[in-house]
Amino acid sequence: MLPRNPHFTLLEPTYLFQKIQERADLYPKEELLNLSIGDVSLPISKECSATLAEEAQRLSHTITGYGPSRGSHRLAEALQQTYYPMLDPNEIYISDGAKCDIGRLQILLGNNLRLGIQDPTYPVYADTARILGNERITLLPCTKESDYFPNLDELPEIDVLFLCSPNNPTGAVATRAQLERLVQLARSRRFLIIFDSAYSDFIQDPGLPKSIYEIEGADEVAIETSSFSKSFGFTGLRLGWCVVPKKLKDREGRPLYLDWERVIATFFNGPSCLVQCGGLAALSKKGLEARDQTINEYLSRAQQLKNALSPLEVTGGENSPYLWVSVPQKNSWEAFEALLENAQILSIPGSGFGASGGGYIRLSAFSKSCTTAAQRVQAIGVSSCLDLPQLSVPQPI
Ligand code: PLP
């Protein structure tokens, strides 16, 4: 037998989803409303499916072969026009999804840099680092008291900060002022920001930044990863992108994009040519209209659920698909169990995303059961759903 790669011992066991599933299996499937999932429930647009079918036909008489590792230039141009008027299309690298890019970014960083990661967090940033053997991870509490953002007054010495906005799991969106201060700090203390904007299309408030590059000077300190998954229903098709600006340099003054190009040429042969055609259709006028309708539908589900949960304190839902529900006097697992037992609604205990998630549960507006769940919570009463003392509903003034 082979000796085991010792880095795997640095990972937490994957019991969270196993335990959630075991608890869910105790209830009849037809009664269970699964609001734990982050996967989409609305289809890709007609523009995308028609283009995919047409391009698939074309493959029977056209040889495509390997494409460029960095993806199609046309798609990079379309992304630049849609999301990044401040950048050059050559700074955008198309990929098979944000998760895969996060993994490859760890290869770019190596396993010896000091990483700052939000707590609670999407687990992939830390797990990809640990698999490479990096133990130099500092978790940065992002709680209600710190506006769900790292406390920049107490930021430890780090080389890289992973930041996700709109955030999974808290649903919080970083403000312009928070990002300006962060970019300023990254410039003066010379650390790299890896900004995950996979949910940026959910931002409705025009005052909130959708990209880190809306902040002046960010192109000297930040890489951005993003995705077609959630906005365009591409979770299974696999398409994303990574921005590595030309001005971004390492401490010796070497442009980082040169190393990034080496990484993708070595570990990746570029995204699927077919799916990239789907991506182009997604960014067409009609494709973007369909995206906006999809986002509106998810946000309207989030709103119904948020209303039903009143007067509990809930973050997210207006500019993000996740609701981060504070359950007073309960730890996350107790809240999870109560909601499951009393209303057969499946959530994720906040502590599963990190210690600072204790006392919260995450609900996902991607679920097709959202409306039914909202109605059920309203019918049973939010206090009874969560075994809480009778909560007083704030009266309109
Ligand atoms: N980033 C965040 C914050 C996510 O929540 C997810 C998926 O849930 C991803 C990235 C993964 O995106 P992709 O499907 O493009 O790999």
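Participant: Explain the domain arrangement of the protein chain to me, and be specific about the residues and the numbers.
Facilitator: One can read the domain layout of the protein chain as domain 1 (6–43 + 288–386) and domain 2 (46–285). Using only C-alpha atoms to locate each centre, domain 1 and domain 2 end up separated by 25 Å. Across the boundary between the two partners, domain 1 contributes 34 residues, which contact 41 residues of domain 2. Summed over both partners, the interface of domain 1 with domain 2 comes to about 3000 Å²; 60% of that surface belongs to carbon and sulfur atoms. Of the charged contacts, one joins Asp201 and Arg291 as a salt bridge, the two residues approaching to 3.1 Å between their closest N and O atoms. At the boundary of domain 1 and domain 2, one finds 20 residue pairs in polar contact (both at pLDDT 80 or more).

Participant: Go over the site of the ligand with me, naming the residues and quoting the values.
Facilitator: In the vicinity of the ligand there are 14 residues, among which Asp196, Tyr199, Ser227, Ser229 and Arg238 approach most closely. One nitrogen or oxygen atom from the main chain of Ala98 is found 2.7 Å from an oxygen atom belonging to the ligand. Within the side chain of Arg238, a nitrogen or oxygen atom sits 2.7 Å from an oxygen atom of the ligand. The set of elements that each furnish at least two residues to the shell around the ligand consists of α4 (98–109) and α7 (229–232). Class assignment for the residues of the shell around the ligand results in six nonpolar, four polar and four charged.

Participant: Would you mind going over unusual backbone geometry in detail, with residue names and values included?
Facilitator: Each neighbour pair has its own omega, and for Asp119 with Pro120 the value is 5 degrees, a cis peptide bond. For Pro120, the position within the fold is in the loop between β3 (115–119) and α5 (124–131). Cis geometry marks the peptide bond from Asn168 to Pro169; its omega dihedral reads 20 degrees. With a phi close to 60 degrees, Arg190 is a non-glycine residue in the positive phi region. The topology assignment puts Arg190 in the loop between α6 (176–189) and β6 (192–196). The backbone phi angle of Gln344 is positive, close to 55 degrees, even though this residue is not glycine.

Participant: Give a description of helix α2 (residues 46–58) that names residues and reports values.
Facilitator: Spanning 13 residues, α2 covers 18 Å between terminal C-alpha atoms, matching the ideal 18 Å at 1.5 Å per step. Residues Cys48, Leu52 and Glu55 constitute the buried set of α2. Within α2, the buried residues cover an arc of 70 degrees as seen down the axis, which keeps them to one side. Summarising the geometry of α2, the exposed residues directed more than 90 degrees from the buried face are Lys46, Glu54 and Gln57. Turning to α2, the residues buried within the fold contact α9 (273–282).

Participant: Explain the sheet that holds strand β12 (residues 348–349) to me, and be specific about the residues and the numbers.
Facilitator: The four strands are arranged β9-β10-β13-β12 in an open sheet whose pairing can be described as antiparallel. The sheet terminates laterally at β9 (313–315) and β12, the two strands that pair on one side only. Two elements, strand β10 (residues 322–326) and strand β13 (residues 360–364), share five bridges in a ladder whose sense is antiparallel. The partner of Leu323 across the bridge, within β13, is Leu363.

Participant: How would you sum up the environment of Leu192? Please name residues and give values.
Facilitator: Looking at the element boundaries, Leu192 is found in strand β6. Between the C-alpha atoms of Leu192 and Asn307, which are 115 residues apart in sequence, the distance is 39 Å. With residues up to four places along the chain from it excluded, the contact list for Leu192 reads Leu109, Asp159, Val160, Leu161, Val221, Ala222, Ile223, Leu248 and Leu256.

Participant: An account of the sheet that holds β6 is requested, with residue identities and associated values reported.
Facilitator: Overall, mixed pairing links the seven strands, which are arranged β2-β8-β7-β6-β5-β3-β4 in an open sheet. The open sheet has two free edges, formed respectively by β2 (92–95) and β4 (137–141), since each of these has just one partner strand. In this sheet, adjacent strand axes meet at a mean angle of 20 degrees when their direction is disregarded. As paired elements, strand β7 (residues 222–227) and strand β8 (residues 240–243) share four bridges and run antiparallel to each other. Bridged to Ser226 within β8 is Trp241. In the packing of α6 onto the sheet, contacts are made with β5 (160–164) and β6, and the angle to β6 comes to roughly 145 degrees. Across the sheet, helix α8 (residues 256–267) is in contact with β2, β6, β7 and β8; its angle to β2 comes to roughly 20 degrees.

Participant: Describe the nonpolar core, listing the residues and the values that go with them.
Facilitator: Side chains of nonpolar character tend, in soluble globular proteins, to be buried together. Judged by nonpolar contacts, the single largest core of 43 residues is most densely connected at Leu179, Leu182, Phe191, Ile193, Phe228 and Leu283. Broken down by secondary-structure element, the contributors of at least two residues to this core are α3 (73–83), β2, β5, α6, β6, β8 and α9. Setting aside its immediate chain neighbours within four residues, Phe191 contacts Leu155, Ile158, Asp159, Val160, Leu161, Leu182, Leu185, Ala186, Val221 and Arg251.

Participant: Which residues make up the packing of aromatic side chains, and what values do they have?
Facilitator: This structure, assessed with the given rule, holds 19 aromatic pairs. The structure contains a cluster of three or more aromatic residues connected by ring pairs, namely Tyr83, Tyr84, Tyr213, Phe228, Phe232, Phe234 and Trp241. Of note, Lys19 hangs over the ring of Trp333, and the distance from its end group to the ring centre comes to 4.0 Å. Above the plane of the ring of Phe268 lies Arg104, whose end atom (NZ or CZ) is 4.0 Å from the centre.

Definitions and limits used
- Residues numbered from 1 in each chain as written.
- Predicted model: local features only at pLDDT ≥ 70, side-chain atom pairs only at ≥ 80, totals over all residues.
- Heavy atoms only, no water.
- Domains from an automatic or database assignment.
- Contact = heavy atoms within 4.5 Å.
- Buried area = accessible area lost by both parts, 1.4 Å probe.
- Salt bridge = Lys/Arg side-chain N within 4 Å of Asp/Glu carboxyl O.
- Polar contact = N/O pair within 3.5 Å; in protein donor to acceptor, adjacent residues only side chain to side chain.
- Near = heavy atom within 4 Å.
- Helix = DSSP H or I, 4+ residues; strand = E, 2+ residues; numbered from the N terminus.
- Nonpolar A, V, L, I, M, F, W, Y, C, P; charged D, E, K, R; others polar.
- Expected span 1.5 Å × (residues − 1).
- Buried < 20%, exposed > 50% of the residue type's maximum accessible area, 1.4 Å probe, protein only.
- Arc of directions from axis to C-beta.
- Pairing = 2+ DSSP bridges.
- Axes fitted to C-alpha atoms, helices over the stretch in contact; angles between N-to-C directions.
- Core = buried A, V, L, I, M, F, W, Y, C linked by side-chain atoms within 4.5 Å.
- Phe/Tyr/Trp six-rings, centres within 6.5 Å; stacked < 30°, edge-to-face > 60°.
- Lys NZ or Arg CZ within 6 Å of the ring centre and 35° of its normal.

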